[in-house]
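Summary of structural features
Okay, here's what each chain looks like letter by letter:
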2 protein chains.
Amino acid sequence: MSRVSSRITLQDVAREAGVSLATADRVLNGRAGVREATADRVRDVVARLGYRPNAAAARLARGETYRFCFVLPSGPNVFMRQLAEQVTNTAEWLSAHNAYIDLVRVDVFAPETLASTLEGLIGRYDGVAVVALDHPRVRSAIDDLTAAGMVVVTLVSDVPSSHRRHYVGVDNIAAGRTAGTLIGRFAGGRTGSVGLIVGTPALRDHAERQFGFTQVLSGEYPALRVLPARESLDEDARTQAIAEQMLREVPDLVALYNVGAGNSGIAGALTSAGQAGEVVFIGHDLTDDTRRFLLRGVMDAVIHQDAGHQSRSAARVLLAHCSGEPLFDEQERIRIDIFVRDNLP
Amino acid sequence: MSRVSSRITLQDVAREAGVSLATADRVLNGRAGVREATADRVRDVVARLGYRPNAAAARLARGETYRFCFVLPSGPNVFMRQLAEQVTNTAEWLSAHNAYIDLVRVDVFAPETLASTLEGLIGRYDGVAVVALDHPRVRSAIDDLTAAGMVVVTLVSDVPSSHRRHYVGVDNIAAGRTAGTLIGRFAGGRTGSVGLIVGTPALRDHAERQFGFTQVLSGEYPALRVLPARESLDEDARTQAIAEQMLREVPDLVALYNVGAGNSGIAGALTSAGQAGEVVFIGHDLTDDTRRFLLRGVMDAVIHQDAGHQSRSAARVLLAHCSGEPLFDEQERIRIDIFVRDNLP
DNA sequence: TTTTTCTTGATGTTCGAACCTCAGATCGGA
DNA sequence: TCCGATCTGAGGTTCGAACATCAAGAAAAA
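Rules used in this analysis
- Residues numbered from 1 in each chain as written.
- Chains lettered and ligands numbered in written order.
- Predicted model: local features only at pLDDT ≥ 70, side-chain atom pairs only at ≥ 80, totals over all residues.
- Heavy atoms only, no water.
- Salt bridge = Lys/Arg side-chain N within 4 Å of Asp/Glu carboxyl O.
- Helix = DSSP H or I, 4+ residues; strand = E, 2+ residues; numbered from the N terminus.
- Buried < 20%, exposed > 50% of the residue type's maximum accessible area, 1.4 Å probe, protein only.
- Phe/Tyr/Trp six-rings, centres within 6.5 Å; stacked < 30°, edge-to-face > 60°.
- Lys NZ or Arg CZ within 6 Å of the ring centre and 35° of its normal.
- 1 Å grid on protein atoms, 1.4 Å probe; cavity = no way out; pocket = protein on both sides within 12 Å on 5 of 7 lines; lining within 4 Å.
- Points joined across faces, edges and corners; volume = space filled by probe spheres on them.

Let's shift gears to the pattern of salt bridges. Inspection of every chain in the model, using the stated rule, returns 38 salt bridges over all chains. Notably, a salt bridge pairs Arg335 of chain B with Asp337 of chain A, separated by 3.0 Å at the nearest N-O pair. Here Arg335 of chain B is found in the loop between α13 (307-323) and β13 (337-339), whereas its partner Asp337 of chain A is found in strand β13 (residues 337-339) on a different chain. For the pair Arg335 of chain B and Asp337 of chain A, one class covers both residues: buried. In this structure, the salt-bridge partner of Arg15 of chain B is Asp12 of chain B, at a minimum N-O distance of 3.0 Å. Of this pair, Arg15 of chain B and Asp12 of chain B both sit in helix α1 (residues 10-17), separated by three residues, roughly a single helical turn.

Here the focus is the packing of aromatic side chains. Counting across every chain of the model gives five aromatic pairs over all chains. With 4.4 Å between their ring centres and 35° between their planes, Phe213 of chain A and Tyr257 of chain A make a pair best called tilted. In this pair, Phe213 of chain A sits in helix α9 (residues 204-220) while Tyr257 of chain A sits in strand β10 (residues 253-258), placing the two residues 44 residues apart along the sequence. For Tyr257 of chain A, a relative accessible area of 0% gives the class buried. Ring geometry for Tyr66 of chain B and Phe68 of chain B: centres 6.3 Å apart, planes at 5°, overall stacked. Since its relative accessible area comes to 7%, Tyr66 of chain B is described here as buried. Exposure remark for Phe68 of chain B: the relative accessible area of 0% places this residue in the buried category. The positively charged end of Arg185 of chain A is found above the aromatic ring belonging to Phe186 of chain B, 4.5 Å away from the centroid.

A probe matching the size of a water molecule, rolled over the atoms, marks out where space remains unfilled. Residue and element names in this part refer to chain A. For the structure on display, the rule yields four cavities of 30 Å³ or more. In this structure, the largest cavity encloses a volume near 50 Å³. Every residue lining the largest cavity is listed: Val170, Asn172, Ala175, Arg209, His284, Asp285, Ile303, His304, Gln305 and Ile336. Counting only elements with at least two residues in the lining of the largest cavity, the list comes to α8 (172-186) and β12 (301-304).

Quick look at the structure:
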């Protein structure tokens, strides 16, 4: 049996170090007016006793409230709607920690709008989480925010070259590779063509998934030929039209990978062509629709990134950076979930 | 833009309801001596204003410390070692919430020992998380604990018929089904036999996985014949011997599913038989070993349940039940993770 | 030696809620 | 109408840390 922790207050530390509470306090909060030797003594005792400030008391005493802003894309995208909903839940949870979230939705396909929205946030928040577009204007807006002393994290879609403090989201190249491996395996040694549908290659996450997917298929499944990517703009109707055309014109079609939204369109096309369950179909993001497609055998796997995790993680990261509390990195890693019919949550 | 929360104190509620702080306090903490009509008025205002007690202040004021005990199996099982490590991390996190964890390890294959260990905990803790054996003695020990007013949650392996307050873990039938579907798909239309290795059918989770697996394979992949299950007792050497024997004696072996531990043994057998990558191999629990096997192509998929999630979830559940704080169910659902080479964390 | 500057201790207030006591107020029943 | 029982208000204390102020003592500079 191992007692893993204890409860030690600043009082204990002060007594043990032979200084007053005030001095111990000055050391711990980096206030001036303590001889270096004394400060060291205090720090020693802190380490030896394993003193950990009572977070509840500290927050209560500070009485600070943090203001965060989450900037998400507007539009009908189901995943983004889920994310917005989860942000609302997160806000409720955060309110117990003296932090408030405002939620802003802007047009994701307009870098100028996004950039100017971001710039309008300067000084009004302590931290910003943004589903970013990798565009020079957006990058410079992010840098402006950090220059103004705000903590910025990118959410779902990264801008690696910016000064964002953290990226909360998955490795989309790995997500694409995962799709590639699953399609390669599910195709079961068949030879033929694989249809590839993206929302728009202008979105960094779509481009990365496409890259990872093609990499795996062309490298390891030579029997499968990846057709040139078609753009759906994430619209159901357009996606359906593309899928229908493929089913008509590609006789040896063995699989479909949909990088973006619009899975309902593909399911519709497969079903009406009588090919549901025949053509391997993998897409992204678990929704009511894709869950149903999995259960019906229309989709074979869904690659997912949990909106709730990402929202909470972004909030924790913002909070930790603003209040100086520690972060458990391992807990903040967002995973690439694979769902098949049998492990649906 | 939507401001999702606010900060309202009990003071505000009392003022708005036209009562004193003391009365509002009595209502919220269920203390006697308030007329029902007045209490209703207060509750109305609480709802209307969306008052949420400041958790930090509440905990500070209560000053309670909760003592939890985590009872895990002893022995060399890697997953259980991971779990123990994560419990230690969780303990550190919990110490910021005035809660302490003791960690006890007992022999999992001895229901008597487990049961008497549990009974020895009575009165010494506020809550217990236990990796339970589904055995009448253990069940009655759990019921004794709850009868003594302690909160008990089962971890990883459930005892559904007991009075445990909560089960933190995955649906192991679903996990077995997931393995079945993946093997069925990965086998790619081949015809042949599938080897099935369990630790011991006495463990509920093993039995459930076996059940789910067999259900899917026999129901949906008639070309695959599931061999009678062999028992490995979770030992590498034994597992290896079984795998070697299967590889020798079953000429049409197309896949192996290992329900318990001992994946290294199977990997060894496959490699030395020159069958690595030929025979589909799926097992449980991501470890350094299984990760390596995935990357080398010896294993095709690993079904995983995150030890860190489970440990933290158990702690949150215990804390919530003891302190009466709310739980977000959705966050406490443990997922069945599927890992292939490309989505390793 | 005398100032000035630097350290330190002592002491207090604040945060929001939990919990306690005591004195009135109100109410029902006899 | 009066009595006890039941409400309610007012006030205080506590938790642990953050932060402020003031004065005493020590060390360094003049």
